[in-house]
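The lines below spell out each chain.
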Amino acid sequence: VSLKETSQPVELFVRIERGGGTTLGAQIEDQLRTGVRTGVLRHGTQLPSTRDLARQLGVSRRIVVEAYTQLAAEGYLDVRQGARPRVAATALVEARPSFHSRPSERPRYDFQPSRPDLSAFPRHAWLRSLRRALSEMTDEDLGYGDPRGVEALRDALASYLGRVRGVVADPDDIVITAGFTQGLNVVLRTLASRGATRIALEAPGNREYVTIVERTGLGPVPIEVDTLGLRADLLAGSDADAVVVTPAHQHPAGVVLSRERRAELLGWLRERDAVAVEDDYDAEYRYERSPVGALQGLAPDRIVYAGSASKTLAPGVRLGWLVAPTWLVDDLAQEKHLSDRGTSRIEQRALADFIERGEHDRHLRRMRAVYRSRRNTLVAALEEALPGSAIHGVAAGLHVNIVLPSGHSEQAIRREATARRIAFETLADYRADAPDEPATLMLGYAQMSESALRAGVAELAAAIAVAAE
Ligand SMILES: Cc1ncc(COP(=O)(O)O)c(C=O)c1O
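Residues numbered from 1 in each chain as written. Predicted model: local features only at pLDDT ≥ 70, side-chain atom pairs only at ≥ 80, totals over all residues. Heavy atoms only, no water.

A. Molecular detail of the side chain of Asp52. Inspection of the secondary structure puts Asp52 in helix α2 (residues 50–57). The side chain of Asp52 sits in the buried core without any salt bridge; Arg55 is the nearest counter-charge, 4.6 Å away. When neighbours within four sequence positions are excluded, Asp52 is seen to be in contact with Gln8, Pro9 and Val10. (Helix = DSSP H or I, 4+ residues; strand = E, 2+ residues; numbered from the N terminus. Buried < 20%, exposed > 50% of the residue type's maximum accessible area, 1.4 Å probe, protein only. Lys, Arg positive; Asp, Glu negative; His and termini not counted. Salt bridge = Lys/Arg side-chain N within 4 Å of Asp/Glu carboxyl O. Contact = heavy atoms within 4.5 Å.)

As structure tokens, then:
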């Protein structure tokens, strides 16, 4: 026969001193009152039952009942028969200045680039993988384990990346990270510890990467991007020790690194004994022609290939991977270990299962068709609504760049669009300086239905027309 515990246990941090100047009841009251007033005990917070707290503190239940009753009378607690005691929703809390920025209003038309359709996340298949992962994991699997990550995932990724991207990957040379951003941090810190000082970055490029390079104590060196991709010919004069590059689909310009530039980049890597970080963030999405293979396959001893689940599944998954030159992998693993002792091994196993069972390929095939169709709809609507503008970049990824005829002001368009709650980015967002370029809007299409895309373009064209007046 088991003794049925009627109330669910709730822990509470209260310290009492016996033999002090105040009674035990007063000490409990004081601490709870202060906790509520200062906001430490937030509105609605569950508290232990009187019986539970009395047991936790080793005092008689009567003392706790009296303290709770007093605090309820003062308006601090909600104590009702049959309900769990809680901090009263109306309890007065001392005002504290808040430094959090408020989330802005949800856009009516959300053209923000680089985001997959979150409503298409394969919840059921992921849940099945998660369930299988957890049920198959041994107790030992729940420890820290190898700092490079779970072997099953490194195995699955080595096969997948070889098959889909032409990456030369040995599971031993893979390090699992919490997304590309952490991978970049880990690589940069590792290179810095080995003596690197200057890191070449694409311009235009993600401005956060400039900050990340600087925070690592390294010097960012911007290298221009043109219609053939990164100006690899400029690397020789840059004095950089490494370069971060998006060869398959330059982010944000949308161009592909040309064959000549690839050769130039590889030549520089060898001559300079330098390292490239290949950010292959959205290579799975190609709509017209077959994707160009990863650069890494041409120089696996000089290139750290970096991938992420943020575009293929969802950013909230927070999983990424580095395929490193063998000579660098131990240092990367050590840096990853120092950074966070590893990424959730439960999620890693879920992704391994998801890939192994073909769910990843199935999801991508489905999404590629959806995104291709959305992209076609967006491009057709733009061509109709904004004649004289040009679509730049290849048919790939999750956004299109539209270059407006000269004379348009990005600032004026943004003002008009914001008033209509249309969200997008511009190419200038990806530059530290503002070169004299025609206004270029980056429009993401992945998160919008085709009818919303049409309506959004009509609204955007109206905003552009007003801005031009
Ligand atoms: C160029 C580029 N690379 C990689 C990523 C993915 O980063 P993470 O894996 O940290 O989500 C993004 C995200 O937007 C990106 O824009």
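B. Representation of the pairing of strand β8 (residues 242–245). In β8, alternate side chains face the same way, and those of Ala242 and Val244 on one face and Val243 and Val245 on the other are all buried. Sheet topology places strand β5 (residues 198–203) next to β8; 3 bridges connect them, and they run parallel. Looking at the pairing, Ala200 lines up with Val243 of β8. When β8 meets strand β9 (residues 275–279), the two strands line up parallel, connected through 4 bridges. By the bridge assignment for β9, Val244 is matched with Val277. A crossover connection joins β8 to the parallel β9 through helix α8 (residues 259–272); in handedness this β-α-β unit is right-handed. (Pairing = 2+ DSSP bridges. Right-handed = clockwise from strand over helix to strand, strands pointing away.)

C. How the structure looks around the sheet that holds strand β7 (residues 229–230). Read from one edge of the open sheet, 8 strands run β4-β11-β10-β9-β8-β5-β6-β7, paired in mixed fashion. Strands at the two margins of the open sheet, each flanked by one partner only, are β4 (174–177) and β7. Bridge analysis of strand β10 (residues 303–308) against strand β11 (residues 320–323) gives 4 bridges, and the strand direction is antiparallel. Across the sheet, the residue bridging to Ala306 is Leu322, located in β11.

D. Representation of the sheet that holds strand β15 (residues 425–426) within the structure. The 4 strands are arranged β12-β13-β16-β15 in an open sheet whose pairing can be described as antiparallel. Either end of the sheet is taken by a strand with one partner, and the two such strands are β12 (390–392) and β15. Running over the sheet, helix α11 (residues 359–385) touches β12, β13 (399–403) and β16 (440–444) and is turned about 15° from β13. (Axes fitted to C-alpha atoms, helices over the stretch in contact; angles between N-to-C directions.)

E. Expanded view of the environment of Leu398. Mapped onto the elements of the fold, Leu398 is located in the loop between β12 and β13. Note on Leu398: relative accessible area 2%, which makes it buried. Ignoring sequence-local partners within four residues, the contact set of Leu398 consists of Ser114, Arg115, Pro116, Asp282, Tyr285, Tyr287, Lys311, Tyr371, Leu443, Gly444, Tyr445 and Ala446.

F. Spatial organisation of unusual backbone geometry. In this structure, Pro204 follows Ala203 across a cis peptide bond, with omega equal to 5°. As for its placement among the helices and strands, Pro204 is situated in the loop between β5 and α7 (207–215). Backbone torsion omega between His251 and Pro252 reads 15°, so that peptide bond is classified as cis. Inspection of the secondary structure assignment puts Pro252 in the loop between β8 and α8. The phi torsion at Arg341 lies on the positive side, around 60°, for a residue other than glycine. Along the chain, the position of Arg341 falls in the loop between α9 (326–340) and α10 (345–356). Judged by relative accessible area, Arg341 falls into the partly exposed class, the value being 45%.

G. Quick look at the pairing of β9. Among the 5 residues that make up β9, 5 are buried, leaving the element largely enclosed by the rest of the structure. One ladder, built from 4 bridges, connects β9 with β10; its direction is parallel. Each bridged residue has a counterpart across the sheet, and for Glu278 the counterpart in β10 is Tyr305.

H. The pattern of salt bridges, seen in detail. Going through the model one piece at a time under the given rule, you end up with 32 salt bridges. A salt bridge links Glu264 to Arg261, with the shortest nitrogen-to-oxygen separation between them at 4.0 Å. Of this pair, Glu264 and Arg261 are both found in helix α8, 3 residues apart, which corresponds to roughly one turn of the helix. Exposure remark for Glu264: the relative accessible area of 37% places this residue in the partly exposed category. Taking the relative accessible area as the measure of exposure, Arg261 reaches 9% and is therefore buried. The partner of Arg357 in a salt bridge is Asp353, with the nearest N and O atoms 3.0 Å apart. On the basis of relative accessibility, which here comes to 44%, the residue Arg357 falls in the partly exposed class. Through salt bridges that share partners, Glu29, Asp30, Arg33 and Glu74 make up one connected network.

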